[in-house]
Amino acid sequence: MRVTRRIIIGAALLGPCTLPVACSDASAVEEQSPPAVASLRLELVASGLANPLYLTAPNGDARLFIVEQPGRVRIVQNGQLLPAPFLDISSKVSSGGERGLLSVAFHPRYAQNGLLYVNYTDTRGDTRVERYHVSANANLADASSAALVITVAQPFANHNGGLVLFGPDGMLYIGMGDGGSGGDPQGNGQNPQALLGKMLRLDVDGGDPYAIPAGNPYASSGAGRREIWASGLRNPWRFAFDAQAGLLYIADVGQNRWEEVSVVPAASAGLNYGWNRTEGNHCYSTDACDMTGLVPAAAEYSHDDGCSITGGFVYRGQQMPGLVGHYFYSDYCTGFVRSFRYANGRVNDARDWSLSGAGNVLSFGLDSAGELYLLSADGRVSRIVAGS
């Protein structure tokens, strides 16, 4: 284990209260001692998967549900990868590059209602979020139960975003990239009338297929699309809530130079993360730009260290108590595994774990006990555990 050398800690540079929101919520995590874990290792859980892009589990469920990019959701049960997919929608999915079946989210009351939501690229190349229901067989979703939640046209083949995730407030959050190409040529990130380049927030329990939550910034003003929760995002491939601390972490993939993680109070509506005026904490296309009102990155690293950030989760499991409260992330190209602890409005204990064997990291995952997993492009899914 070594201290990260090249990561630039945005909060330390900009001060603990530079967000255009109240900072008291972001300082709620108590100071902890440095991690007692000396090293980490990967413990193989499954292999031979086709581009495993995400791992999750319903509340209280010991199974692992793994998303394969071509359009399948697989189950690991009692340590074994089941041969039959839980859900197979590959005939509806356009897969390859940044397209495919990109994530699945189980309803917080899945044990009672059996509902799950998927985000995928359809055969026209557009984003489609659908709701499904589990069948009478607990290891098989009913593929015929598909119901459209929302669809968003994609002008290019990249920057699909792709994560659907229920927040602590019970709302469904959807990360949308800026539409692709390079440099946001359509200006979607800063356009309040476009769903691209945004974080969306939907109340899937309040309407069919959804209602607009009252707290959304444009819920009643008409100044922007009512589904929007936040703007100024390039490609938020992965984001995460830390419900215990009341924080939202967004890892936004950069353009030419900078990869970034922003950390904000989870309940703060209408934040602007800067793209394409800024890339990380830097002006994107000019030497000077107006950063007033923009959320600064809490942490960033340059392309000297990688090419595409893979956001992870805050660890809240029980197997590594010395790392509770630490946010983990990686980079697709270099495969490093890094972590930091966000407390008192700033990044602390930034570390590079020198974890070997990760390969090209596609995603992280959490099981129902809060343990952390890493998914690699060579088809492996591994649990992150303390080194021996």
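Our structure's up above, just so we're on the same page.
Once a new chain begins, its residue numbering starts again from 1 and follows that chain's sequence as written. In view of the model being predicted, local features appear only for residues whose pLDDT reaches at least 70, and side-chain atom pairs are presented and counted only at 80 or more, with totals across whole chains, interfaces and linings using the full set of residues. Excluding hydrogens and water, the side-chain values take into account all heavy atoms of the structure.

A.B. asks: Just to check I follow, could you spell out the pattern of salt bridges for this structure?
C.D. replies: Opposite charge on two side chains permits them to pair, given that their charged atoms come into close proximity. By convention in these notes, a salt bridge is any Lys or Arg side-chain nitrogen within 4 Å of a carboxyl oxygen on Asp or Glu. The full count for this structure, using the stated rule, is 16 salt bridges. Across the salt bridge formed by R383 and E43, the nearest N and O atoms sit 2.5 Å from each other. You can see R383 sitting in strand β29 (residues 381-386) and its partner E43 sitting in strand β3 (residues 40-46), a full 340 residues away along the chain. For D122, the salt bridge is made with R124, and the minimal N-O distance between the two is 3.5 Å. Categorising residues by exposure relies on relative accessible area from a 1.4 Å probe, with only protein chains included: less than 20% of the type maximum marks a residue as buried, more than 50% marks it as exposed, and the intermediate range marks it as partly exposed. You can call D122 buried: its relative accessible area is 5%. Connected via shared salt-bridge partners are E68, R72 and R74. Strands are runs of DSSP state E lasting at least 2 residues, helices are runs of H or I lasting at least 4, and numbering of each runs from the N terminus.

A.B. asks: What is the right way to look at the pairing of strand β28 (residues 372-376) in this model?
C.D. replies: Successive residues of a regular strand alternate their side chains across the two faces of the sheet. For β28, the tally of buried residues reaches five of five residues, placing the bulk of the element in the interior. Burial along β28 is two-sided: the face carrying L372, L374 and S376 and the face carrying Y373 and L375 are both buried. Here, any two strands with at least 2 DSSP bridges between them count as paired. Of the pairings in the sheet, the one linking strand β27 (residues 361-366) to β28 comprises five bridges and is antiparallel in character. Bridge assignment links L366 to a residue of β28, and that residue is L372. Connecting β27 to the next strand, β28, in antiparallel fashion are five residues, including G370 with a positive phi near 85 degrees. Taking the residues that link successive antiparallel strands as the turn, the β28-β29 hairpin has four residues, and the phi of G379 there is positive, at about 90 degrees.

A.B. asks: Just to check I follow, could you spell out unusual backbone geometry for this structure?
C.D. replies: Negative phi values dominate among residues other than glycine, just as trans dominates among peptide bonds. Following D208, the chain continues into P209 via a peptide bond in cis, with omega recorded as 10 degrees. Its location among the elements puts P209 in the loop between β15 (199-202) and β16 (228-230). In this structure, the amide linkage connecting W275 to the following residue, N276, adopts the cis form with an omega of 10 degrees. Locating N276 in the fold gives a position in the loop between β19 (258-265) and β20 (278-279). Its identity as a non-glycine residue notwithstanding, D184 has a phi of 55 degrees, on the positive side. Topologically, D184 is positioned in the loop between β14 (172-175) and β15.

A.B. asks: In this structure, what is going on with the sheet that holds strand β11 (residues 127-134)? I would like to understand it.
C.D. replies: Strands in a sheet are paired, the pairing made by backbone hydrogen bonds, and the direction either parallel or antiparallel. Strand order in the open sheet formed by four strands is β9-β10-β11-β12, and the pairing between neighbours is antiparallel. The two strands at the open ends of the sheet, each matched to only one other strand, are β9 (101-106) and β12 (141-152). For this sheet the average axis-to-axis angle between neighbouring strands, irrespective of direction, equals 25 degrees. As paired elements, β9 and strand β10 (residues 115-121) share five bridges and run antiparallel to each other. Looking at the pairing, L101 lines up with Y120 of β10. To get an axis, a line is fitted to the C-alpha atoms, and for a helix only the part in contact is used. The angle between two axes follows their N-to-C directions and goes from 0 to 180 degrees.

A.B. asks: Looking at this model, I keep getting lost on the packing of aromatic side chains. Mind explaining?
C.D. replies: Aromatic ring pairs: the centre-centre distance and the angle between the two ring planes describe each pair. Only Phe, Tyr and Trp rings are paired, with Trp represented by its six-membered ring, and only when their centres lie within 6.5 Å; those with planes under 30 degrees apart are stacked, over 60 edge-to-face, the remainder tilted. Scanning all chains against the criterion turns up 17 aromatic pairs. Cluster of aromatic residues (ring-pair linked, three or more members): Y249, Y301, Y327, Y329, F336 and F340. Sitting over the face of the ring of Y301, R338 holds its NZ or CZ atom 5.7 Å from the ring centroid. Either the NZ atom of lysine or the CZ atom of arginine qualifies as a charge over a ring when it sits within 6 Å of the ring centre and within 35 degrees of the ring normal. Above the plane of the ring of F336 lies R338, whose end atom (NZ or CZ) is 3.8 Å from the centre.

A.B. asks: How do you make sense of the state of the cysteines when you look at a structure like this?
C.D. replies: Disulfides are covalent bonds that connect the sulfur atoms of two cysteines. Two cysteine sulfurs form what is called a disulfide whenever their separation falls within 2.5 Å. Within this structure, the stated rule accounts for two disulfides. Covalently, C283 is tied to C289 through a disulfide, its sulfur atoms 2.1 Å apart. Taking the sign of the S-S torsion, -95 degrees for the link of C283 and C289, the bridge is left-handed. C289 sits in the partly exposed class, given a relative accessible area of 26%. Residue pairing for C307: its cysteine sulfur links by disulfide to C333, the two sulfurs lying 1.8 Å apart. Between C307 and C333 the disulfide shows an S-S torsion of about 75 degrees. By sign, it is right-handed.

A.B. asks: Please clarify how empty space enclosed by the protein should be interpreted in this entry.
C.D. replies: In this approach a probe as big as a water molecule rolls over the atoms, and the regions it shows empty are the leftover space. Only protein atoms enter the 1 Å grid used here, on which a cavity is any set of points holding a 1.4 Å probe that cannot leave and a pocket is any open set flanked by protein within 12 Å on both sides along at least five of seven lines; residues with an atom within 4 Å of a point are listed as lining. Grid points are joined across faces, edges and corners, and a volume is the space filled by probe spheres set on the points. Taken as a whole and assessed by the stated rule, the structure comprises two cavities of 30 Å³ or more. Within this model, the second largest cavity holds a volume of roughly 40 Å³. Lining the second largest cavity are R234, D252, V253, G254, E260, W275, T278, E279 and G280. Its residues assigned to classes, the lining of the second largest cavity shows two nonpolar, three polar and four charged. Polar here means any residue outside two lists: the nonpolar Ala, Val, Leu, Ile, Met, Phe, Trp, Tyr, Cys and Pro, and the charged Asp, Glu, Lys and Arg; Gly therefore counts as polar.

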